[in-house]
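Working through the structure, step by step
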Amino acid sequence: MEHLSELEMRRHKLDQLREAGISPYPYHFNRTHTFAQIREAYAEKLANGEKSEETVIVAGRITGWRGKGKLTFLDLRDGGERLQGMIMLNKIGEEAYQHLKMLDIGDMVGLKGLVARTNTGELSVQAEELTLLAKSLRPLPEKYHGLTDVDLRYRQRYLDLIVNPEVRETFVARSRALSLIRQFLTTRAFLEVETPMLHPIPGGAAARPFKTHHNALDMELFLRIAPELYLKRLIVGGFDRVFELNRNFRNEGMSTRHNPEFTMLELYQAYADYQDMMNLTEELICHLVQEIHGSLKITYQETEVDFARPWARMTMVEAICQFLELTPSDFVSRDTAAAAAAKYNIAIEPSFGLGKIINEIFESVDSRLIQPTFIIDYPKEISPLAKEHRSNPELTERFELFITGREMANAFSELNDPIDQRARFEKQLEAKDSGDEEAHAMDHEYILALEHGMPPTGGLGIGIDRLIMLLTDSASIRDVLLFPHMRPQA
């Protein structure tokens, strides 16, 4: 047998088990306790050398074993918790004990027996019965080196979860954060809704869409880039507060901050404006940070971030002037702004107006916004769905939130004037004709809804994946996605 490979040895053991009448993949197992429940129940019970009177049935994956002769110790993992199994010849019998030879690290087994604490204080289950639940035909990554190949970790996330407990904790935290968001909003009278993922017109954001084809209708459709225009129709229809935790799809590049599909929280509140949305954003994110970390100060990638309110608020031009040797007088016209861009070798297109040039310069410094900062009052040229600023017609009532140099949220006083909205869409069509692939399309159905009257409304979108990165101290967006998109292997 020595000439057999690891995979061949495991297949051979599988055959041996079947020949012995043992099902390597049974249909059901009546587990009574998880490892976490065992540890909680017996945290203060049993002195060294003692055992309980309670019989428990547990299940887990073998991650190691030791011992020989008449006693074998199994290291088992279940749901991120570790527990020791004590397999004794005089407890399970000769035949069952011999079947241990057919098991491997990675196999899943069930144990029935008493809870015991060994003489060295190790909480264990002293097995009276051992049941094979799943035979592993491939070995786990090496015990002491773990799974460190980042590409393999993302491609085979199940292995990552098995051998790297801290990865499991990241996704537990993600699930908890989503639950906290839902609780926070529903207690404030927001209604959770669902909107279409297949759109006849890509709208609600400036992004390149994925295209598909509906055979029955013989029409081109687009995967959702944002749910905005559908959610605002619900505000028209009389739902005053709505939100959706939605999956969006954008046919763009991939990086440590971008994945082609991602999760967004998008919400709309009637009779509110962008100032209300800033306050709501502060409340929501502070609530998440406090609940998950127990403090409003956290460390992200060795940098302390303080979420104590109120957060800083500044315009794009104010932010630019804070980090570059420029003044507000550099942004009084397109020509002065273009000269400012040239001073810092920032490329601009001939079609760019003053607003787009300001945005391009701002994007060269936004990575320096580490502490929570609202950048407010965006140029109208880059904000086709935001309401005109009440004191400056060249700007809109829009903000974006930046933390650790990353955009975390985007919000508006929503444009509810259908005539103004149609004119903004027409401007976007001109930009599209000039080569802007991300310009917004004309959406007649949305304008039709606005013509029936939408109340003053505040809207907010928060990038969930980036927020989870922040909450879990994760460097890459792929670390907080269970199954990130990967390039095909050769």
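Going by the structure above, here's the rest.
Okay, so let's go over this structure.

Some points on the overall build of the protein
A tally of regular secondary structure across the protein gives 15 helices and 20 strands. A principal-axis box enclosing the C-alpha atoms of the protein has dimensions of 90 × 55 × 50 Å. The buried share of the protein, reckoned over its 490 residues, is 47%. Counting only contacts in the protein whose residues sit at least 6 apart along the sequence, the fraction spanning at least 24 positions is 65%. Surface summary for the protein: the accessible area is close to 24,500 Å², and the carbon and sulfur share equals 50%. Here the protein contributes 57 positively and 74 negatively charged side chains, and the mean placements of these two sets differ by 6 Å.

Examining the sheet that holds strand β7 (residues 198–199)
Spatial strand order, β7-β9-β8: three strands in an open sheet with antiparallel pairing. Among the strands making up the open sheet, the edge pair consists of β7 and β8 (211–214). Pairing of β7 with strand β9 (residues 219–223) involves two bridges; the strand directions are antiparallel. Paired with His-199 across the bridge in β9 is Phe-222.

Some remarks on the packing of aromatic side chains
Tallying each qualifying case throughout the model produces four aromatic pairs. The interplanar angle of 80 degrees and the centroid separation of 5.4 Å between the aromatic rings of Phe-362 and Phe-402 together place this pair among those described as edge-to-face. With Phe-362 in helix α12 (residues 354–362) and Phe-402 in strand β18 (residues 398–403), this pair connects stretches of sequence that are 40 residues apart. Each member of the pair Phe-362 and Phe-402 is classed as buried. In textbook terms, an aromatic cluster arises when at least three aromatic residues are bridged by ring pairs, as seen for Phe-307, Trp-311, Phe-374 and Phe-399. Looking at Lys-45, its charged tip hangs above the ring of Tyr-42, at a distance of 5.6 Å from the centre. The residue whose ring lies beneath Arg-188 is Phe-184, and the NZ or CZ to ring-centre distance is 3.6 Å.

Description of the nonpolar core
Formed by 45 residues in total, the largest nonpolar core has its most connected members in Leu-265, Leu-267, Phe-307 and Phe-399. Tallying contributions element by element places helix α9 (residues 274–293) first for this core, with nine residues. Other than its neighbours up to four places away in sequence, Leu-267 contacts Leu-185, Phe-190, Val-242, Phe-243, Met-277, Leu-280, Gly-458, Gly-459 and Leu-460.

Remarks on the pattern of salt bridges
Counting across every chain of the model gives 28 salt bridges. The partner of Asp-104 in a salt bridge is Lys-135, with the nearest N and O atoms 2.5 Å apart. One end of the pair, Asp-104, is in the loop between α4 (94–98) and β4 (108–117); the other, Lys-135, is in the loop between β5 (123–134) and α5 (150–155), and 31 residues separate them in sequence. For the residue pair Asp-104 and Lys-135, the accessibility class agrees, reading buried in each case. The shortest N-O distance in the salt bridge between Arg-174 and Asp-465 comes to 2.8 Å. With Arg-174 in helix α7 (residues 165–186) and Asp-465 in helix α15 (residues 464–472), the pair connects residues that are 291 residues apart, well separated along the chain. Residues Arg-174 and Asp-465 agree in their burial class; the two are buried. Because the salt bridges share partners, they merge into one network encompassing Lys-13, Asp-104, Asp-107 and Lys-135.

Some details on the sheet that holds strand β2 (residues 71–78)
If you trace the five strands once around the closed barrel, you get β1-β2-β3-β5-β4, paired in mixed fashion. On average, adjacent strands in this sheet sit at an angle of 55 degrees to one another, irrespective of strand direction. Pairing of β2 with strand β3 (residues 81–88) involves eight bridges; the strand directions are antiparallel. Within the sheet, the bridge partner assigned to Phe-73 lies in β3 and is Met-86.

Definitions and cut-offs
- Residues numbered from 1 in each chain as written.
- Predicted model: local features only at pLDDT ≥ 70, side-chain atom pairs only at ≥ 80, totals over all residues.
- Heavy atoms only, no water.
- Helix = DSSP H or I, 4+ residues; strand = E, 2+ residues; numbered from the N terminus.
- Buried < 20%, exposed > 50% of the residue type's maximum accessible area, 1.4 Å probe, protein only.
- Contact = heavy atoms within 4.5 Å.
- Areas by Shrake-Rupley, 256 points an atom, 1.4 Å probe, with all protein chains shown as cover.
- Lys, Arg positive; Asp, Glu negative; His and termini not counted.
- Charge placed at Lys NZ, Arg CZ, Asp CG, Glu CD.
- Pairing = 2+ DSSP bridges.
- Phe/Tyr/Trp six-rings, centres within 6.5 Å; stacked < 30°, edge-to-face > 60°.
- Lys NZ or Arg CZ within 6 Å of the ring centre and 35° of its normal.
- Core = buried A, V, L, I, M, F, W, Y, C linked by side-chain atoms within 4.5 Å.
- Salt bridge = Lys/Arg side-chain N within 4 Å of Asp/Glu carboxyl O.
- Axes fitted to C-alpha atoms, helices over the stretch in contact; angles between N-to-C directions.

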